[in-house]
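Spelled out, the chains give:
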Amino acid sequence: MFKKYTIPGENNPIWQMVEPILFKIWAEGMLRASYSQLYTVHFMALLVNTGMFLGGFVLRALLTGSILFLGYTIFEEPLTLAFIAVFPSFEMKTAIMTHINESNFWVYKLLGYVILIKSVLFIFGDNFKVLLQETTLYLLMIVTAMIPLKWIAQCLVRENFFAQFFAKSSLMSLYMTQTLSAAPSEIDQKYTRIFGLYKESNDENARKELEELCAISINQ
């Protein structure tokens, strides 16, 4: 009996059939894409990704500031002491310093660092790491005149194992999706059609059509 799959992965036989075909279609699109289209897509992706990060950064910073302000109104003294413990150079309500002694100073210092670290992690999160990775990749392609992109595409067309392994990374998966718009329209449509059939592959008719298209692509 046919087993249903909905998530791409190594244990999904349908995805194992579809994935190398999608790699090959994308690679053909990148080889046929004009340099003007590739540069436009890369610059637009840089702007969009940076804008989305900054927008999320501002919203998370405002939320963090609001929570800290609310906490300060309720727990003014311990939070003030924690802030002074972490940033001793700031002149803040020196009268409160009389409550600090050697025995409990470490408690406020620990509290201050916990608040600081948690706030920074929440504001930046993994988004900053992803932004750096994406920005580095896009700038690399731009300053090298797309040479690495064309080389990766050629390797994928030849079904090179290492190129396919690299293409399976989360960063490259996102990159391939964003750069597909630079490919000729027929390539984009073919990629979208096969991926759409994959998502509907629990339907027997869609699965059969998908298998036929994959067989044609393999024989080309």
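Our structure is the block above this text.
Draft legend 1. Quick peek at the overall build of the protein. Tallying secondary structure elements over the protein gives 10 helices and 0 strands in all. Listed N to C, the secondary structure of the protein is α-α-α-α-α-α-α-α-α-α in terms of helices and strands. For the protein, with 220 residues in total, the buried portion stands at 34%. Here the analysis covers contacts within the protein between residues at least 6 apart in sequence; of these, 73% occur between residues at least 24 apart. Entry remark: accessible area of the protein is about 13,800 Å², with carbon and sulfur atoms responsible for 67%.

Draft legend 2. Seen up close, the packing of helix α2 (residues 35-74) against helix α3 (residues 76-86). Close contact between α2 and α3 brings their axes to 5 Å; oriented N to C, the two are set at 120°. Regarding the angle of α2 to α3, the classification is oblique. Residues L68, G71, Y72 and I74 of α2 lie in contact with α3, whose contacting residues are E76, L79 and T80. Here the residues of the contact of α2 with α3 are counted per class, giving 4 nonpolar, 2 polar and 1 charged.

Rules and cut-offs
- Residues numbered from 1 in each chain as written.
- Predicted model: local features only at pLDDT ≥ 70, side-chain atom pairs only at ≥ 80, totals over all residues.
- Heavy atoms only, no water.
- Helix = DSSP H or I, 4+ residues; strand = E, 2+ residues; numbered from the N terminus.
- Buried < 20%, exposed > 50% of the residue type's maximum accessible area, 1.4 Å probe, protein only.
- Contact = heavy atoms within 4.5 Å.
- Areas by Shrake-Rupley, 256 points an atom, 1.4 Å probe, with all protein chains shown as cover.
- Axes fitted to C-alpha atoms, helices over the stretch in contact; angles between N-to-C directions.
- Parallel < 35°, antiparallel > 145°, perpendicular 65-115°, else oblique.
- Nonpolar A, V, L, I, M, F, W, Y, C, P; charged D, E, K, R; others polar.

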